[in-house]
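Working through the structure, step by step
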Amino acid sequence: MGKTRDAGAPGVSESERLLFGGPLRYDMGWNQHADAFLELSFRAMISRLPSLLAASLRLARQADRRATRTVLAAEAGRGAAQAVALLAVNSVLGRLMADGPIEGRLRGAVPALVTVAAVMLVAALLRAATTYVTGRLEPKVERVATELYLERAAAVELSAIEDHAFHKLLDTAQYGAASARRMIMYGTRVINAMISLVAAAGVLTVLHPALLPLLVTMTLPSAWSALTVARRRYESFHAWVQHARAGRLLGNLLIEPEAAPEIRVHGVGAFLLRHFRAMSETAEAEQARLARLAARTGLIAAAWTGLATVATYATLGGLLLAGAMALSVAGTAVIAIRTGSQSLDTLVVEVNALHEEALFVGDLERLYTEAAERAIPAGGQPLPEDPKEIRFENVTFRYPGDSARPALDDISLTLPLGRIVALVGENGSGKTTLVKLLAGLYTPDRGRILWDGVDAATADRHQIAERIAMVAQDFKRWPFTARVNVAVGRSSAPLSEERLLAAIAEAGAQDVVADLPRGLDTLLARNFSGGHQLSGGQWQRLGIARAAYRRGRILIVDEPTAALDARAELEVFEKIRALAGSGQTVVLITHRLASVRHADLVHVLDQGRLVESGTPDELLASGGVYAELYSLQAEQFTRVPAPKAG
């Protein structure tokens, strides 16, 4: 059963309902992190301390072994120096408060004073060494953790990226790399505080056994306060992570180049800003709630600490009055209590912070684990070297979470290789889904996709990808140079100028490149200095050049001429026919049925089902769906407009 939300928790804003269809809050009662924040208890914190320090050490060693050894040695040295300093201070006080002339007492205290000064100098040097080395180590740890995050995220199946639950894990895990960096800082402080505490506790135990438990009592309130606040903060973070992402989305839309024209023409800016403000105010109310609770918790802890401090010093005074402790020892005890209290307080706070950061690193590790489970499989059955056809046998596919009809329903068809195969149908008929299955981006829920008898489900996915080149309708316009926008089609191969120019020629994109201010070295991103903006048609030609550069055996083109004028459209289809003439397979998706008249085979889809197959002439003669759609489009060009009245 879910946790009861605090009565002061902010409600759902109207902006959430209007823009996103409902609350952007995760119910932490059923969320997978529900148990994580419950682990923030004193017992859990202490029991997990060795594993937390081991995790910090592991991250540090992975980034820089030498720097890690230096930090450990420096912190151990600082702790030992503090113990020596306390004992030297006790010696100084004992000498100064002894009987005899003041000159003799001062001379007797000089060696101990020199020791204190030397120890303080050594501690300062060790602290400087720690500061310098951790300053080098922390960014390395963050880089290693971030690289692992990006590497694992880039290797998962497309279905994982489109899964909102996995995307939430991506959202939360991205903070894990920064937390890994901070774990080094907190881990260093914990080690230092532990050594300092052991030194102070050892001195106090030698001075009087009753002082040590009083020291612990003084620090318990701050421990309770820190743990309580951290538990609330962690729970709030996970509950509100989707709301925070939506708020950033609204802010980014206001400065996004693609949205800028419509924002200005339609006056959308004020609308987005109003809802950004409303959602920000809702998030601010949540932060105010946390601050209010933190203030209340802090006051309770401060009152408890005050009472414990009074009890500690009252005990110390009682020991003095009873003659159970010398005045010099009492002075050392006061210093040791203050030092130990500070160390224990630091230890509790830093271990709590370390634990809290470890929870976010745990999100990162969960991503590593889940990404590995949902990664594109490595290896598999080799594909035939020169297959003759790809056959879909009773293929059914439904998008995850989609309760409507399947995107593809019991599809059986053949794609002969070395030919032009067209997929036609109205919007939502399943054309794009079919080619994504062909490219290995999805796997069927039922049925098989066979490459001359080799099932794609058991085949080497890398080999499938190597044979595919794709120009999607919404292909990525990379914010890099024109050269990279073409060569990214085969980024694993060394960049070849000859191959680059050949691909541009095949796509008929020479004029596009010639018009660029710096040719292929022109940056295609207007939001950077020196950047240049292409038209939709120019981008489409570069997208085709990218596919040509890849030189895949199967070229999938989804609406390749959507942004081209009539003359350019004719040229592009001539290029596509030339590619097929050289033996490359072309799988063409288009709404313009006149453009598929040179296709060797046309498959007609309707609402996820295959309804017709044949050559264009055969389908026109049969008078089915293809013929009906063809006639509807032809009428747009042959219909004579009615004369205007008057």
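Residues numbered from 1 in each chain as written. Predicted model: local features only at pLDDT ≥ 70, side-chain atom pairs only at ≥ 80, totals over all residues. Heavy atoms only, no water.

**Quick notes on the overall build of the chain**
Along its length, the chain carries 19 helices and 10 strands. Split into buried and exposed, the 646 residues of the chain put 44% on the buried side. As displayed, the chain offers around 32400 Å² of accessible surface, 58% of which is attributable to carbon and sulfur atoms. (Helix = DSSP H or I, 4+ residues; strand = E, 2+ residues; numbered from the N terminus. Buried < 20%, exposed > 50% of the residue type's maximum accessible area, 1.4 Å probe, protein only. Areas by Shrake-Rupley, 256 points an atom, 1.4 Å probe, with all protein chains shown as cover.)

**Focus: the UniProt feature "transmembrane region" (unreviewed entry) in the chain**
According to UniProt, the feature "transmembrane region" (unreviewed entry) maps to residues 80–98, 110–130 and 186–204 in the numbering used here. As annotated, residues 110–130 comprises 100% helix and 0% strand, and the C-alpha atoms at either end are separated by 30 Å. (UniProt positions renumbered as here; feature names shortened; annotations may be inferred.)

**Points about the nonpolar core**
One finds L137, V141, F166, M183, L204, L211 and L367 to be the most contacted residues of the largest nonpolar core, which totals 47 residues. Of all elements in the fold, only α2 (42–63), α3 (65–96), α4 (102–154), α6 (164–207), α7 (211–255), α9 (268–321) and α10 (327–373) reach the threshold of two or more residues within this core. Contacts of V141, omitting those with residues within four sequence positions, involve L59, A60, A63, A180, R181 and I184. Judged by nonpolar contacts, the second largest core, of 43 residues, contains W539, I544, F573 and V596. (Core = buried A, V, L, I, M, F, W, Y, C linked by side-chain atoms within 4.5 Å. Contact = heavy atoms within 4.5 Å.)

**Regarding the pairing of strand β10 (residues 609–614)**
Across 5 bridges, the pairing between strand β9 (residues 601–606) and β10 is antiparallel. What sits directly across from D606, in β10, is R609. Counting the residues that bridge the hairpin from β9 to β10 gives 2 residues, and of these Q607 lies at a positive phi of roughly 50°. (Pairing = 2+ DSSP bridges.)

**Topic: the packing of aromatic side chains**
For the coordinates displayed, the defined rule picks out 5 aromatic pairs. Relative to F480, the ring of W478 has its centre 6.1 Å away and its plane inclined at 5°; by these criteria the two rings are stacked. The partly exposed category is assigned to W478, whose relative accessible area is 31%. Overall, F480 belongs to the partly exposed group, its relative accessible area being 39%. Three or more aromatic residues link up through ring pairs in this structure, and these residues are F397, Y399 and Y442. (Phe/Tyr/Trp six-rings, centres within 6.5 Å; stacked < 30°, edge-to-face > 60°.)

**Quick word on α7**
The end-to-end C-alpha separation of α7 is 61 Å, in line with the 66 Å expected for 45 residues at 1.5 Å each. Of all the bends in α7, the greatest, near 55°, is centred on W240. (Expected span 1.5 Å × (residues − 1). Bend = angle between axes of the 7 residues up to and from the residue.)

**Some details on the environment of Q62**
You can see Q62 is positioned in helix α2. The exposure class of Q62 is partly exposed, given its relative accessible area of 48%. For the pair formed by Q62 and V144, sequence separation is 82 residues and the distance between their alpha carbons is 8.0 Å. Sequence-distant contacts of Q62, that is, excluding residues within four places in its chain, are made with V144 and L148.

**Some words on the sheet that holds strand β1 (residues 389–397)**
With antiparallel pairing, the 4 strands of this open sheet are ordered in space as β2-β1-β4-β5. The open sheet terminates on both sides in strands that have one partner only, identified here as β2 (408–416) and β5 (454–455). Taken together, the 5 bridges between β1 and strand β4 (residues 446–451) define a ladder with antiparallel strand orientation. By the bridge assignment, T396 is partnered in β4 with R446.

**As for the pattern of salt bridges**
Pairing is possible between side chains of opposite charge, provided their charged atoms come close. Taken as a whole and judged by the stated rule, the model has 21 salt bridges. Residue R136 is joined to D64 by a salt bridge in which the shortest nitrogen-to-oxygen separation is 3.7 Å. Of this pair, R136 sits in helix α4 while D64 sits in the loop between α2 and α3; the two residues are 72 residues apart in sequence, bridging distant segments of the chain. Here R136 falls in the partly exposed class, since its relative accessible area comes to 36%. (Salt bridge = Lys/Arg side-chain N within 4 Å of Asp/Glu carboxyl O.)

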